[in-house]
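Here is how the chains run, residue by residue.
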Amino acid sequence: MLESAIPEHLRKERKCPVSTPPNYNPPFPGYCARFPKKMENLVLAIIGAQYPAGTDDNRTGISTIKNFMTDIPENVRPSSWETASVTDKRGFFNIAVFAYWPSTEIHKEWEVESGFEAWWKSSDRESEVHGWFKEVLCPSVDRFETVFSNHEHPEGAANMQEKISGEMREHAYWGSMRDRFAAAQDDKLVGESWNTRGGTHKSGNESKRVRVPGKKNLTIIRSGQDWSDTLPEERKLYLETMHPVLISGMNFLRDSGQDVGCYSMNLWDVVDSKTHEASLERTFGLGYFDDLTSLEYWSKSHQTHINIFGGFLMYAKKLDNVLSLRLFHEIYVLEQSQQSLEIFGLQ
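Chains are numbered independently. Their residues run from 1 in the order of the written sequence. Totals for whole chains, interfaces and linings use all residues, but because this is a predicted model, local features are given only for residues with pLDDT of at least 70 and pairs of side-chain atoms are given and counted only at 80 or more. The basis for every side-chain value is the complete set of non-hydrogen atoms in the structure, without hydrogens or water.

Under an unreviewed UniProt entry, the protein has the name Phenylacetaldoxime dehydratase and belongs to Dothidotthia symphoricarpi CBS 119687. UniProt positions are given in the numbering used here, feature names are shortened, and annotations may be inferred rather than shown by experiment. Of the comments in the UniProt record for the protein, the one headed Cofactor (unreviewed entry) reads "heme b".

Listed below in structure tokens is the structure:
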């Protein structure tokens, strides 16, 4: 029997209709994380360093961040974390830790006990030759959803799950993303347009520290691909058919995303935690949209995503829907108080 993506304790009288087709059965299985009932929110902190193109020594910064993750009592360490890198459209090399905590309280304890908070606030961060950035996303559980293709390999926030769902109903049709949000049962989650509440704030007259103001219902997607365990035939099929259209779609959003309400998009490589080399055959797109509707519009209407989605359906059909490729995404629809973005950027 198919399960609902929304757990029973978060269900309420629905005022916003679902898009699930009548008598719908998904063409392939999808799963979601079941978090403990007592879990009210979660945290993803993206903390990294930025370097000019061609910089040789780009490991010192990320090593510092990794030490904050490990050199602390276990009870406040992140539940899971990994390192990823990307060269952005300005040519800067970015490398960051993506770390998760099961509550804002534990994350705050980590900031204090690890010494990270004091380190981050120090004026020394402004005198370093490379840049720094910190993005903290802390949605309530009703404003977060995740889906993955392989129930034995949860990714990201799903590592904090109490259990994995059975095969769920709300996936692989247009509108399923919104149908998985508990908050969307009675809230249309309308955000602010591209040019509303723009701008950044510096913390002082000469400070390099820049804070980006929060936006109502800012929508963030982290969408991953892992082909490390694919057999040769499927690996060839993925690299020749799916990966090129994925790159094309991510590049469109990176370079022209403002046309569809996307503030930022990068396709990150998950890197080896010791060598920092992108050798793991895992990637993920990280994108910021002005609201869920804009992400839905691109997903349903723009040719770059139609190519991705349609290509995947053909890919799955060729493999009789038996895939060793692992896919996941997690989406955040954040209130202004649930987002904190701060940078010491390179000019």
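Okay, the environment of Asp229 next. With respect to the element layout, Asp229 can be found in the loop between strand E10 (218-226) and helix H5 (232-256). Throughout this description, buried means an accessible area under 20% of the type-specific maximum (1.4 Å probe, protein chains only), exposed means over 50%, and partly exposed covers the range between. We classify Asp229 as partly exposed; its relative accessible area is 45%. C-alpha separation for the pair Asp229 and Arg326, spaced 97 residues apart in sequence, amounts to 8.5 Å. Residue contacts are counted whenever heavy atoms from the two residues lie within 4.5 Å of one another. Look past the residues within four positions of Asp229 in its chain and what remains in contact with it is Ser324 and Arg326. A 3.5 Å cut-off defines polar contacts: any pair of N or O atoms within that distance qualifies, except that in protein one atom must be a possible hydrogen donor and the other a possible acceptor, and neighbouring residues in sequence count only when both atoms are side-chain atoms. At 3.0 Å, the side chain of Asp229 and the side chain of Arg326 are in polar contact. Every helix listed is a DSSP run of H or I at least four residues long, and every strand listed is a run of E at least two residues long, numbered separately from the N terminus.

By convention, a stacked pair of Phe, Tyr or Trp rings (six-membered ring in the case of Trp) has centres within 6.5 Å and planes under 30 degrees apart, an edge-to-face pair has planes over 60 apart, and any other such pair is tilted. In total, this model carries 20 aromatic pairs according to the counting rule given. Ring plane angle 70 degrees and centroid distance 5.1 Å describe the contact between Trp120 and Phe344, whose orientation is recorded as edge-to-face. Separated by 224 residues along the polypeptide, Trp120 in helix H3 (residues 116-121) and Phe344 in strand E14 (residues 339-344) bring together distant segments of the chain. Neither Trp120 nor Phe344 differs from the other in exposure class; each is buried. Through pairs of rings, three or more aromatic residues link up here, namely Phe68, Trp101, Trp110, Phe116, Trp119, Trp120, Trp132 and Phe344.

Assignment of secondary structure puts Asn150 in the loop between strand E6 (144-148) and strand E7 (163-164). One polar contact links the side chain of Asn150 to the main-chain amide nitrogen of Glu152, over a distance of 2.8 Å. Each residue touching Asn150, except ones within four places of it in the same chain, is listed here: Tyr31 and Arg326.

All right, on to unusual backbone geometry then. Comment: phi is negative for the bulk of residues other than glycine, and the bulk of peptide bonds are trans. The residue Leu189 is not glycine, and still its phi comes out positive at about 55 degrees. Relative to the helices and strands, Leu189 resides in the loop between helix H4 (176-179) and strand E8 (201-202). What makes Leu189 buried here is its relative accessible area of 0%. Positioned with a positive phi, Asp320 is a non-glycine residue whose angle comes to about 55 degrees. Structurally, Asp320 is set in the loop between helix H7 (303-318) and strand E13 (326-334). Assessed through its relative accessible area of 64%, Asp320 is described here as exposed.

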